[in-house]
Amino acid sequence: GQNIDQPTEMTATEGAIVQINCTYQTSGFNGLFWYQQHAGEAPTFLSYNVLDGLEEKGRFSSFLSRSKGYSYLLLKELQMKDSASYLCAVRLGTSGTYKYIFGTGTRLKVLA
Amino acid sequence: DTEVTQTPKHLVMGMTNKKSLKCEQHMGHRAMYWYKQKAKKPPELMFVYSYEKLSINESVPSRFSPECPNSSLLNLHLHALQPEDSALYLCASSQGLAVPGNTIYFGEGSWLTVV
């Protein structure tokens, strides 16, 4: 089976930095994606990693280590509007047959 | 500009009803997806269409029947559903399965309640 795990909940303070971890045990790995989802809304794309290393995109950065089956999303200068669920998704398969499987999700609460 | 539109936004149906959820994208994407999401759970993949052909069915019960009339449209036909099928149904699309680095973009979802 495919396992993609994240912490269930995290709390951080406005202006701080928070790191959300994602560990995965899957077959046919072809990239890891991070999404943000506010309650009652659709997920929106934040960042992705296909190769090992850090990808930076404004206040958001994502890191991947394929050998360790590990990724994290780093959120800097937290704002109240960052309170949401954060989902990591692994793309599985080979060219022509991809699918995206989501992790358990992390609910982040940002406090004033 | 990325936009996936889903209708209806809310649907209440009885267990003997037949209804459909609709999804449309005009981004030229060639892959389309249906996901089901229960409260406080991650989206679960149901179906993947690639170039208008069903490429993945994640062992979804036959009371859910997908249809892809053309590359811009994706339907999900519902029949004889159970109350436990009540959930948010998300449609998504991506450029194409064989394009490295492409991601999926979600619609707003259709909230389904089965009574």
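Note: the structure precedes this text.
What this report covers is the structure whose coordinates are included nearby. Since we're looking at a predicted model, the values are computed, not measured. (Residues numbered from 1 in each chain as written. Chains lettered and ligands numbered in written order. Predicted model: local features only at pLDDT ≥ 70, side-chain atom pairs only at ≥ 80, totals over all residues. Heavy atoms only, no water.)

Here's the deal with the overall build of chain A
Here is step 1 of the chain: Per the secondary structure count, chain A includes zero helices and eleven strands.
Here is step 2 of the chain: If you list the helices and strands of chain A from N to C, you get β-β-β-β-β-β-β-β-β-β-β.
Here is step 3 of the chain: The C-alpha radius of gyration of chain A comes to 14 Å, within 12% of the 13 Å expected for a compact globule of 112 residues.
Here is step 4 of the chain: In terms of its C-alpha atoms, chain A occupies a principal-axis envelope of roughly 45 × 30 × 20 Å.
Here is step 5 of the chain: Out of the 112 residues in chain A, the part that is buried amounts to 47%.
Here is step 6 of the chain: The contacts of chain A with a sequence gap of at least 6 include a subset with a gap of at least 24, amounting to 55%.
Here is step 7 of the chain: Averaging the positions of the 10 positive and the 9 negative side-chain charges in chain A gives two centres separated by 5 Å. (Helix = DSSP H or I, 4+ residues; strand = E, 2+ residues; numbered from the N terminus. Rg over C-alpha atoms; globule rule 2.2 N^0.38 Å. Buried < 20%, exposed > 50% of the residue type's maximum accessible area, 1.4 Å probe, protein only. Contact = heavy atoms within 4.5 Å. Lys, Arg positive; Asp, Glu negative; His and termini not counted. Charge placed at Lys NZ, Arg CZ, Asp CG, Glu CD.)

Details of the state of the cysteines
Here is step 1 of the chain: Per the counting criterion, the structure on display carries two disulfides over all chains.
Here is step 2 of the chain: Through a disulfide, Cys22(A) is tied to Cys88(A); the S-S separation comes to 2.0 Å. Measuring handedness by torsion sign, the sulfur bridge of Cys22(A) and Cys88(A) sits at about 65 degrees and is right-handed. Of this pair, Cys22(A) sits in strand 3 (residues 18–25) while Cys88(A) sits in strand 9 (residues 84–94), and the two are 66 residues apart along the sequence. Taken as a pair, Cys22(A) and Cys88(A) share a single burial class, namely buried.
Here is step 3 of the chain: Here Cys23(B) pairs with Cys91(B) through a disulfide, and the sulfurs are 1.9 Å apart. For the disulfide bridge between Cys23(B) and Cys91(B), the dihedral angle about the S-S bond is near -75 degrees, and by the sign convention the bridge is left-handed. Pair noted here: Cys23(B) is in strand 3 (residues 18–25) and Cys91(B) is in strand 9 (residues 87–94), with a separation of 68 residues, a long-range link.
Here is step 4 of the chain: Judged by relative accessible area, which is 1%, Cys23(B) ranks as buried. (Disulfide = S-S within 2.5 Å.)

None of the figures reported here should be taken as evidence of function without further support.
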